[in-house]
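Below are the chains, spelled out letter by letter.
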4 protein chains.
Amino acid sequence: MNLNFASDNTGPVAQPIMDAIVAANTGAAMPYGDDDWMPGVRDALRDLFDWPEAEVLLVATGTGANVLALAGMVAPWETIFAHRNSHIERSECGAPEFYTGGAKLTLIDGEGSRIAPDALRAAMAVVGTKDIHGVQRGALSLTNVTESGTLYSLDDLDALTGIARDAGMGTHLDGARFANACAALGCSAAQLARGFDMVSFGGTKNGCMGVEAIVMRDGAKHWEMQLRRKRGAQLWSKHRYLSVQMAAYLKDGLWLENARTANAAGQRLAAGLRRIGAEMAHEPQANMIFCRMPRAMHDRALGQARYGLMDEGERPLCRMVCDFTKTEAEVDRLLELLAG
Amino acid sequence: MNLNFASDNTGPVAQPIMDAIVAANTGAAMPYGDDDWMPGVRDALRDLFDWPEAEVLLVATGTGANVLALAGMVAPWETIFAHRNSHIERSECGAPEFYTGGAKLTLIDGEGSRIAPDALRAAMAVVGTKDIHGVQRGALSLTNVTESGTLYSLDDLDALTGIARDAGMGTHLDGARFANACAALGCSAAQLARGFDMVSFGGTKNGCMGVEAIVMRDGAKHWEMQLRRKRGAQLWSKHRYLSVQMAAYLKDGLWLENARTANAAGQRLAAGLRRIGAEMAHEPQANMIFCRMPRAMHDRALGQARYGLMDEGERPLCRMVCDFTKTEAEVDRLLELLAG
Amino acid sequence: MNLNFASDNTGPVAQPIMDAIVAANTGAAMPYGDDDWMPGVRDALRDLFDWPEAEVLLVATGTGANVLALAGMVAPWETIFAHRNSHIERSECGAPEFYTGGAKLTLIDGEGSRIAPDALRAAMAVVGTKDIHGVQRGALSLTNVTESGTLYSLDDLDALTGIARDAGMGTHLDGARFANACAALGCSAAQLARGFDMVSFGGTKNGCMGVEAIVMRDGAKHWEMQLRRKRGAQLWSKHRYLSVQMAAYLKDGLWLENARTANAAGQRLAAGLRRIGAEMAHEPQANMIFCRMPRAMHDRALGQARYGLMDEGERPLCRMVCDFTKTEAEVDRLLELLAG
Amino acid sequence: MNLNFASDNTGPVAQPIMDAIVAANTGAAMPYGDDDWMPGVRDALRDLFDWPEAEVLLVATGTGANVLALAGMVAPWETIFAHRNSHIERSECGAPEFYTGGAKLTLIDGEGSRIAPDALRAAMAVVGTKDIHGVQRGALSLTNVTESGTLYSLDDLDALTGIARDAGMGTHLDGARFANACAALGCSAAQLARGFDMVSFGGTKNGCMGVEAIVMRDGAKHWEMQLRRKRGAQLWSKHRYLSVQMAAYLKDGLWLENARTANAAGQRLAAGLRRIGAEMAHEPQANMIFCRMPRAMHDRALGQARYGLMDEGERPLCRMVCDFTKTEAEVDRLLELLAG
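Calculation notes
Residues numbered from 1 in each chain as written. Chains lettered and ligands numbered in written order. Predicted model: local features only at pLDDT ≥ 70, side-chain atom pairs only at ≥ 80, totals over all residues. Heavy atoms only, no water. Salt bridge = Lys/Arg side-chain N within 4 Å of Asp/Glu carboxyl O. Buried < 20%, exposed > 50% of the residue type's maximum accessible area, 1.4 Å probe, protein only. Helix = DSSP H or I, 4+ residues; strand = E, 2+ residues; numbered from the N terminus. Phe/Tyr/Trp six-rings, centres within 6.5 Å; stacked < 30°, edge-to-face > 60°. UniProt positions renumbered as here; feature names shortened; annotations may be inferred. Contact = heavy atoms within 4.5 Å. Core = buried A, V, L, I, M, F, W, Y, C linked by side-chain atoms within 4.5 Å. Buried area = accessible area lost by both parts, 1.4 Å probe. Polar contact = N/O pair within 3.5 Å; in protein donor to acceptor, adjacent residues only side chain to side chain. Nonpolar A, V, L, I, M, F, W, Y, C, P; charged D, E, K, R; others polar. Least-squares fit on C-alpha atoms with pLDDT ≥ 70 in both. Pairing = 2+ DSSP bridges. Axes fitted to C-alpha atoms, helices over the stretch in contact; angles between N-to-C directions. pLDDT = per-residue confidence, 0-100. Domains from an automatic or database assignment. Parallel < 35°, antiparallel > 145°, perpendicular 65-115°, else oblique. Left-handed = near helix turned anticlockwise from the far one by under 90°.

A. Broad picture of the pattern of salt bridges. In total, this model carries 72 salt bridges over all chains according to the counting rule given. A salt bridge links B:Asp43 to B:Arg42; the nearest nitrogen and oxygen atoms lie 3.1 Å apart. Accessibility expressed as a relative area gives 24% for B:Arg42, which makes it partly exposed. With a closest N to O distance of 3.4 Å, C:Arg315 and C:Glu279 form a salt bridge. Note that C:Arg315 is positioned in the loop between strand E10 (308–309) and strand E11 (317–321) and C:Glu279 in strand E8 (residues 279–280), a separation of 36 residues in sequence. Connected through salt bridges with shared partners, the residues A:Glu89, A:Glu97 and C:Lys104 form a single ionic network.

B. Quick peek at unusual backbone geometry. In the segment running from A:Asn144 into A:Val145, the intervening peptide bond is cis, with an omega of -10°. In this structure, B:Cys93 is a non-glycine residue whose phi angle is positive, near 50°. For B:Cys93, the position within the fold is in the loop between helix H4 (87–90) and helix H5 (95–100). The buried category is assigned to B:Cys93, whose relative accessible area is 0%.

C. Here's a closer look at the packing of aromatic side chains. Applying the stated criterion across every chain yields a total of 40 aromatic pairs over all chains. Aromatic pair D:Phe98 and D:Tyr99: ring centres 5.3 Å apart, planes at 80°, arrangement edge-to-face. Residue D:Phe98 is classed as buried on the basis of its relative accessible area of 11%. The exposure class of D:Tyr99 is buried, given its relative accessible area of 5%. Three or more aromatic residues link up through ring pairs in this structure, and these residues are A:Phe49, A:Trp51, A:Phe178, A:Phe201, A:Tyr249 and A:Trp255.

D. The UniProt feature "domain: Aromatic amino acid beta-eliminating lyase/threonine aldolase" (unreviewed entry) in chain A, seen in detail. With numbering matched to this structure, UniProt assigns "domain: Aromatic amino acid beta-eliminating lyase/threonine aldolase" (unreviewed entry) to residues 5–292 of chain A. End C-alpha to end C-alpha, residues 5–292 of chain A measures 15 Å, and it is 42% helix and 16% strand.

E. Expanded view of helix H8 (residues 178–185) of chain A. Those residues of H8(A) lying buried are A:Phe178, A:Ala179, A:Asn180, A:Ala181 and A:Cys182. Along its buried surface, H8(A) packs onto helix H2 (38–49), strand E5 (170–175), helix H9 (189–193), strand E6 (198–202), helix H11 (240–250) and helix H12 (254–275) of chain A.

F. Main features of the nonpolar core. Grouped together as the largest cluster of nonpolar side chains are 130 residues, with contacts concentrated most on C:Phe178, C:Phe201, C:Trp255, D:Phe178, D:Phe201 and D:Trp255. Beyond its immediate stretch of four places on either side in the chain, C:Phe178 contacts C:Phe49, C:Asn144, C:Leu173, C:Ala189, C:Leu192, C:Ala193, C:Val199, C:Phe201 and C:Trp255. A:Phe178, A:Trp255, B:Val56 and B:Trp236 belong to the second largest nonpolar core, which has 129 residues in total.

G. Structural detail: the interface of chain B and chain A. Contacts between chain B and chain A engage 50 residues on the former and 50 residues on the latter. When chain B packs against chain A, close to 4200 Å² is buried across both sides, 60% of that on carbon and sulfur atoms. On the chain B side of the interface with chain A, the three residues burying the most area are B:Phe98, B:Arg231 and B:Lys238, jointly 18% of the side's total. The interface formed by chain B and chain A holds zero salt bridges in total. The interface formed by chain B and chain A contains 31 residue pairs in polar contact (both at pLDDT 80 or more). Within the residue set of the side of chain B that touches chain A, elements represented by two or more residues are helix H1 (15–23), helix H3 (62–71), H5, helix H10 (222–231) and helix H11 (240–250) of chain B. The residue makeup of the side of chain B that touches chain A, split by class, is 23 nonpolar, 19 polar and eight charged.

H. Fine view of the relation of the copies chain D and chain C. For the pair chain D and chain C, the best superposition has an RMSD of 0.0 Å and corresponds to a rotation of 180° with a translation of 0.0 Å parallel to the axis. Put plainly, the chains are arranged around a two-fold axis. A share of 100% of interface residues in chain D that are also interface residues in chain C marks the association as one of identical surfaces.

I. Region of interest: the sheet that holds strand E1 (residues 55–59) of chain B. Residues and elements named next belong to chain B. With mixed pairing, the seven strands of this open sheet are ordered in space as E1-E7-E6-E5-E4-E2-E3. Unpaired on one side and paired on the other, E1 and strand E3 (104–108) mark the two borders of the sheet. Here the strands of the sheet are splayed against their neighbours by 20° on average, with no regard to which way each runs. Relative to strand E4 (residues 136–143), strand E2 (residues 78–83) runs parallel, the two being bridged by four bridges. Its bridge partner being in E4, Glu78 is matched across the sheet by Gln136.

J. Up close: the interface of chain D and chain C. If you look at the interface, chain D gives 50 residues, while chain C gives 50 residues. Taken together, the two surfaces of chain D and chain C that pack against each other cover about 4200 Å², and 60% of this comes from carbon and sulfur. Looking at the side of chain D facing chain C, the largest losses of area belong to D:Phe98, D:Arg231 and D:Lys238, adding up to 18% of the total buried there. The tally of links from chain D across to chain C stands at zero salt bridges.

K. Expanded view of the confidence of the model for chain A. Here chain A shows a mean pLDDT of 97. Residues at 70 or above account for 100%. Of the two predicted TM-score estimates for the complex, the pTM is 0.97 and the ipTM is 0.97.

L. A look at the domain arrangement of chain A. Residue and element names in this part refer to chain A. By domain assignment, chain A separates into domain 1 (3–9 + 255–339) and domain 2 (14–253). The interface is formed by 23 residues belonging to domain 1 together with 28 residues belonging to domain 2. Buried area between domain 1 and domain 2, both sides added, is near 1900 Å², and the carbon and sulfur share of it is 53%. For the interface between domain 1 and domain 2, the tally reads one salt bridge. Across the pair Asp8 and Arg177 runs a salt bridge, and its minimum N-O distance is 2.8 Å. Contributions of two or more residues to the side of domain 1 that touches domain 2 are made by H12, strand E9 (288–292) and strand E11 (317–321). With eight residues, the single largest contributor to the side of domain 1 that touches domain 2 is H12. When its residues are assigned to classes, the side of domain 1 that touches domain 2 shows 11 nonpolar, six polar and six charged.

M. Just the side chain of A:Asn206, in detail. Residue and element names in this part refer to chain A. Here Asn206 lies in the loop between E6 and strand E7 (212–216). Owing to a relative accessible area of 2%, Asn206 belongs among the buried residues under this scheme. Those residues within four positions of Asn206 in sequence are excluded, and the remaining contacts are Ala179, Tyr249, Trp255, Asn258, Ala259 and Phe324.

N. Just the relation of the copies chain B and chain A, in detail. When chain B is fitted onto chain A, the two copies agree to an RMSD of 0.0 Å after a turn of 180° and an axial shift of 0.0 Å. Of the residues that chain B buries at the interface, 100% are likewise interface residues in chain A, meaning the two copies contact each other through the same surface.

O. The arrangement of the packing of helix H6 (residues 117–126) of chain C against helix H7 (residues 154–166) of chain C in detail. All names here are of chain C. Relative orientation of the contacting elements H6 and H7 amounts to 20°, with a least axis distance of 9 Å. Between H6 and H7, the angle is such that the two are roughly parallel. Crossing handedness for the pair H6 and H7: right-handed. Counting all contacts with H6, which are made through Pro117, Leu120, Arg121 and Met124, the residues of H7 involved are Ala159, Leu160 and Ile163. Of the residues in the contact of H6 with H7, the class split is six nonpolar, no polar and one charged.

P. View of the side chain of A:Arg46. All names here are of chain A. In this structure, Arg46 sits in helix H2. Judged by relative accessible area, which is 18%, Arg46 ranks as buried. Looking at Arg46, its side chain comes within polar contact range of the side chain of Glu55, at 3.2 Å. Aside from chain neighbours lying at most four places away, what touches Arg46 is Trp51, Pro52, Glu53, Ala54 and Glu55.

Q. Focus on the sheet that holds strand E4 (residues 136–143) of chain A. Residue and element names in this part refer to chain A. What the seven strands build is an open sheet, ordered E1-E7-E6-E5-E4-E2-E3; its pairing is mixed. Both edges of this open sheet fall to strand E1 (55–59) and strand E3 (104–108), since each of them pairs with a single strand only. Going across the sheet, the axis of each strand differs from the next one's by a mean of 20°, ignoring polarity. Docked against the sheet, H2 engages E1, E6 and E7, running at close to 120° with respect to E1. Here helix H3 (residues 62–71) sits on the sheet in contact with E1, strand E2 (78–83), E4, E5, E6 and E7, set at roughly 20° to E7.

Dropping the structure here:
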């Protein structure tokens, strides 16, 4: 029984993906993305996103996908509008600044790690256009599922990406939990992606070993992006092992199925937590929960289950994430431990 | 029969390493290097290098290992002395410049991609110390097995690293083929590493899926190097899959055994090539061969075997590399094809 | 009559400084800071700051002084705590990010462009220490006179720099209006600088042609800082023309005298503005005023006087700055125009 | 009598330029390039270069002009082809790497610091196009007058810039001694510039206090280049003092007249040196001389005259430069000292 709810990156690789890795482990394959699996991966993502001209690069980390995508969109003297809680701001140790050559992030507040249209407009108003002294407007980066476990609706996304597009800015989706967002919204990948120029399409948190796809709507950027990936030291030599992960992840809807499982576990856990008296910090809309509970409740699970503790005190803020392996029994056992 | 001799990165993952990956694929593991396998990896490399204070970081690409190591050794206004043919100069798309914040590479010529002590001294003489107008001396980076398939002897390395150390410079070994060098020199890892501050200890080309160890003699740099790795987007979340690769690679001398196999295939191939009239461009001392052959000879293998063609013409320069999977039968078959 | 109140950089060079430039314009002088005037400049600033080990670099722009100082204090993976309105955030087009290799600025709000100790502590609490995912604490940068024309008291500065020092962070003072701050606070340069490691000591806005001194308390950083300046393309060849400006600026207290004149004009203007019904946006404590006035009042001066218009509307926010050349007659004339 | 021949940056400011600075020192002027003199400077350079769409930026250092121009022409993953002795390689402390975000310099050898067309072609052949592993071709940077005091003829320049243009590369002229080149070649500025996209048009070495013009043929780059200049901390606030220098320098052909004077002094010195037995290291074609002389000859001038000593030994290599102030009497006195 796996009672580690610390993150959706603590779990193993989904069996169909591991099987594909093992199956590919024979004979020679051309390196650096010239393997036989990669064209299929690109085509599958073109179909999924309904972007017929799209190009795809695979990298091994989510930070890598985000920062290469952003570097392909903004000049060093521009700024990226993002939520204050965004992964690119809080959890990438300045990698966006590194890869963009020193672009700025303009941080926007908002409940549940969501940016409201007015807040975006207000932030954009501060950043000059044609004022030589300040940085310039560069791109908008959104995360869905957000870092708080909430969702932007399709309408929310359309509103925000529309504002950015009207201002001539590029748009980037940090889709580390892209699949969980689709599953929770009941929408297609194409719908989720429709307002964006570049998408970090996550695999690692949802059953892969370590692969994320940078999906760029505009295939004309492919060559530059390849150079950026190589220069970023993120081009795999035995690339087939990235390709087959992504191929297996996309095959027969495994990506969506895994996400549905994870989301269902998350919803079951959230309902249970509410039942036993935990208070949701945000509405948990997918597989990630932020809640406050009495210290005594938390202490009862100590040493038997794991999850994130975001602060201390009498009612600590806890972060719990269900990955695609979480069973009802595991969720219920955690609740049992907490309830005492 | 695998007749791809294009590189030692076209082959599959060694079975014991794939087995270890599969075996580790169960339950939860802490991410980002906090998994249960990593301490053992560090200890094994400390023992192997006889560096009791060493720290180890794992990354997925050889370029990543090289450039993080170099970035940890030189300031942006310094220069790295390296061979003109070095991987860091020729095959990393400027990643060293990117990661170091714009340090320079001072290129040195030399037969067989080897730097001679006098050539190093001459290059260092040009770079000022305490001259504000030029860049400053930073580090020496050597590759062994070299990019030409030749070797530095231990004495060669001692001479070069001694010059660097006397000048207060750091020393880096690009050991993408570290194991092949040990096998060919008949020396221990500790002997090969003894003159260096930082070693890129390669796994990928010699049986791993994608893992390289940055071994730093001075453990005090560990925290800074961890930040550099994260900021470089090279910190794996499901890090266990890097750890177990390296653990299996180091276990029971697999690293050395694979290299011996590869080198033996390389030597067999070189001897055969000489026999059929190919001319060695450099003395092939490990598993990589650069040779010139009549155009007609090359044409006979076309479409049936693969290897690198470095130039065109009547006597093209060919690059052939044997990885740890190459059998005598495969080597002989290639020779047969070429001989006609 | 000069009715340009747009900035203290629209004015001419003070006569004693221009005289010194002209006087130095004869014969040969060694370039790059090896001229005969520079040692005296360094010694004068050592005395003024009471920093016997200090070293000094001269550059031609305030942005240059700020960003070189910051680059000498923070690693690329660190953050600089600064006010949201700070010049380094708002008016340097990302130069701090460029020169630091991509360090972040953590922005803090506060009335009158002043940071309160609790606000600094709160911002620092968000930035992890020893959390590999986020950037690390780097330095505190304060501006005095602030960007709103207000002042930090010596006690304010001691409190803030104390917090930074206790956390192991470096401290930087953007002293573009250092002299105006000393004049307004009635304190010595040494008192104003006492909590800081690096000071941008401004000359340009207060009578020089274009020279700012980076005064570093720790002389051991001198060589690195010289390299950073050269690499930043900010090392003058005919350096004597920077040295003599600064020498003349420091001679016989000209720096302080000019600032007193400017501040007196600023205070006269502020009093007059209040009298005619303008509303101060912040308490104008030196030579810079932010005020709101009826649109009609503003319109009366249009085309006859110049100053900054920060927004539009019925009661626009206006920025007026008095430099050391502003006479009582010029101030009164502006008031007359506005009063109608 | 000024016997400093160390460089053409040790001399004073030409009187007409100093007069213009003093004359401009009255009243208010808009900062940051919005002064009344700047449009005239731009127009004068458009005329001089016969580039009707050109835009012009002024900066205070030659390194600044070079690196901003190069940064505007190459991507971080590209390389700049330049002579091994070029100022951008040898005398800018890595500023090109800094400003370009880590582009490489590909160094080319050649007598007299001149690149031969075949040498350029050979260097370009090594740099891949569409090879993801290496850096890409970016730009060609030439210096005229060269760093050895020799000249490229107009035909030489046409050949080299033609090769670059045919390969799709940008072309940059380091014209720190642009005027000396025009004077020596007897050509117009337009002729000298005709093959280039960006020119660093030097003023400082030839009579200005500290001003260099970046002249960009393609005015469409103006806004980006302005942002780069600001971000590089090279945008002057009291910009009028840059504008008036350049305006005076361009007025009535002062730039060319100064260069003719300097070149004549250089030629007189070279003839004299030959007469007394010094051996020219390169043909001195403008105002800079590299020669070897017996140690005893050098020793006779010690302490009475200054010039560069490039190496030690029995026949040291000496560098002597004449600026526009050098009189025949000063040249003859140096010869007298050396001759003994």
